[in-house]
Amino acid sequence: MSKRPLSLLSLSLTATILATPTTVQAQNHPSSPLNVELVGTGKALQFQQAARLESVLKHAQEQQIALQYPLAVTLFDNSETAVQRSTALKNSVLNQMIQHNLVAHPFYKFIQQSQFAPRVLSAIDVDRIRLDKFDNPLLQGQLALSAPKRKEKVLYVGNLEKVYAVENQAGIALHEQVDNLSSSDIGELAYPPILIYPDGKVVHPHHGSWLTTQYYLPPLTMVYIPFDEFETSQMDKDIVALLAQRKPTSSKN
């Protein structure tokens, strides 16, 4: 196939679809390339040089990625080294669950089927980035952009009979929300739950206070019910660290 000279238009930073329909290419001079997986879509953005966050988000929106819930919009480190670290933590958690005879537990399957990677940027707000250049870093390397839709639900996971996805109950104390799930399934909780917000922030309600405090549970928050005393349980600590790296998808959060 003969080569044709590049036009000025093709040298500008515009996104064009590659021959493979699942990938988008942002043309520019080759230098410090950037690849951004669009989690849950089967697509990726490819830049031949480093690109600003605002530009990445613009191209993602052109691929029908709705950035409607900033608290959950996250860039994960998709480099081989980072994925290997998260995979090692995931395998460690699964091995610890096996040692505790939890291989048949529904939460074991939940961990097994989930994908994890370290966070690079969390709670990405397009409007804030446009107003503040310091919130618009230059990106390069292998990243993954997750932008789940805002769904008014909270995930209850961990030491439960199953994974619960329930409608958000604003203004109701956390212990009442747990009680509302199913008394026969849960019974009396021996240990306070751990809250993992969509931006990866982890909150540790203390004994006693969680019974009366009305903790704010944003949509897509995970409420983790520990298997043991959290302060002394390495398995529970590792599980929470892993859940904070979980990649939500558009189809299953």
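Residues numbered from 1 in each chain as written. Predicted model: local features only at pLDDT ≥ 70, side-chain atom pairs only at ≥ 80, totals over all residues. Heavy atoms only, no water.

1. Re helix α4 (residues 106-113)
Looking at α4, one finds that the buried residues are F107, Y108, F110 and I111. One side of α4 carries all its buried residues, which in axial view fall inside an arc of 160 degrees. Taken together, the buried residues of α4 touch α3 (80-99), β10 (153-158), β14 (222-225) and α9 (234-243). (Buried < 20%, exposed > 50% of the residue type's maximum accessible area, 1.4 Å probe, protein only. Helix = DSSP H or I, 4+ residues; strand = E, 2+ residues; numbered from the N terminus. Arc of directions from axis to C-beta. Contact = heavy atoms within 4.5 Å.)

2. Re the pattern of salt bridges
Counted under the stated rule, the structure contains four salt bridges. D127 is the salt-bridge partner of R130, the closest N and O atoms lying 3.4 Å from each other. With R130 and D127 both in helix α5 (residues 126-131), this residue pair falls three residues apart, about one helical turn. For D135, the salt bridge is made with R128, and the minimal N-O distance between the two is 3.5 Å. (Salt bridge = Lys/Arg side-chain N within 4 Å of Asp/Glu carboxyl O.)

3. Description of unusual backbone geometry
Even without a glycine there, the phi angle at Q64 is positive, about 65 degrees. With respect to the element layout, Q64 can be found in the loop between α2 (53-62) and β6 (74-77). Positive phi values are uncommon outside glycine, yet N101 reaches one of about 60 degrees. Looking at where N101 falls in the secondary structure, it is placed in the loop between α3 and α4. Judged by its relative accessible area of 70%, N101 falls in the exposed class.

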